[in-house]
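Residue-level structural notes
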Amino acid sequence: MAQENQTRYRQRLVCVYRKKVMKNISNILIDFDGCLTTGKLTITSDGKELFREVHTRDSRAIRELVAKGYHVVIVTASKSEIIRHYANKLGCEVIVMRDKSKHGFTDYAAIGDDSWDIPMLESAELKFCPNDAFYKVKMIPGIKILKTKGGHGVMAEVNEYL
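First, a word on scope: everything that follows refers to the structure included in this document. Predicted model only: the values in this text are computed from it and were never measured.

What follows covers the nonpolar core. Judged by nonpolar contacts, the single largest core of 28 residues is most densely connected at I28, I62, I74, I111 and M155. Other than its neighbours up to four places away in sequence, I74 contacts I30, F32, L36, I83, Y86, A87, C92, E93, V94 and I95. Among the nonpolar cores identified, the runner-up in size contains 17 residues, and L29, Y108, C129 and A133 belong to it.

Quick look at the structure:
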C-alpha cells in the first residue's frame, strides 16, 4: 500500500511538472545524428553517404508531437538529403547549422547528444540526451539523461515527458 501511494505521488508530481514547464513550450529541437540515429554512417568507397537508420518508434513519436501541435525541428550540421526527406515525411522542419546557439527559438525543449548540441541544450527549458551521449552533455545542469540510447527510440521516451 505504501509503495502504491508513492507511485501515485510521483505521478502527480510529473503531471504538475509537465503543466508548469510545458505550458510555454511549443517548439521541440532535435539533433539528428546520435539522437534519431546511432550516429553511425554507411559510406561508399567513393565517399557518398549510403544510408542512415532511424527507429520507427522515433517516427511515431515525432508524428504524435506534430499532431499535438508542437513545432518539431531537426537541427543538424549535416546537409544530407536523407534528413530532409525524413523530416518531410513526418511533417517537421530541418535547420542546417553548425553553431546551434543561433537557432533563434525561445521556450523550447531540446534533445542532443554531442558537443555541438551543448549551446542548444543549455538554453532549453527542457533538455534531454540519450543514454550514450557524450559525457559533457550529461553534465549540463538540469538535463534529463534518458534510458534509451541514440537511434533506439529516444523520441518515444521523450514523448512520455511531454
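Moving on, we get to helix 2 (residues 56-67). With 12 residues, helix 2 ought to run about 16 Å at 1.5 Å a step, and its terminal C-alpha atoms sit 16 Å apart, in line with that. The complete set of buried residues in helix 2 reads D58, S59, A61, I62 and L65. Summarising the axial view, the buried residues of helix 2 lie within an arc of 165°, below the 170-degree limit, and thus occupy one face. Exposed and facing more than 90 degrees away from the buried side of helix 2 are T56 and A67. Taken together, the buried residues of helix 2 touch strand 1 (27-30), strand 4 (71-76), helix 3 (81-90) and helix 6 (154-161).

Bringing the packing of helix 2 against helix 6 into the picture now. Relative orientation of the contacting elements helix 2 and helix 6 amounts to 35°, with a least axis distance of 6 Å. Contacts between helix 2 and helix 6 involve R57, D58, R60, A61, I62, E64 and L65 on the former and, on the latter, V154, M155, A156 and N159. Each residue belonging to the contact of helix 2 with helix 6 can be placed in one class, and the counts come to six nonpolar, one polar and four charged.

Rules and cut-offs
- Residues numbered from 1 in each chain as written.
- Predicted model: local features only at pLDDT ≥ 70, side-chain atom pairs only at ≥ 80, totals over all residues.
- Heavy atoms only, no water.
- Core = buried A, V, L, I, M, F, W, Y, C linked by side-chain atoms within 4.5 Å.
- Buried < 20%, exposed > 50% of the residue type's maximum accessible area, 1.4 Å probe, protein only.
- Contact = heavy atoms within 4.5 Å.
- Helix = DSSP H or I, 4+ residues; strand = E, 2+ residues; numbered from the N terminus.
- Expected span 1.5 Å × (residues − 1).
- Arc of directions from axis to C-beta.
- Axes fitted to C-alpha atoms, helices over the stretch in contact; angles between N-to-C directions.
- Nonpolar A, V, L, I, M, F, W, Y, C, P; charged D, E, K, R; others polar.

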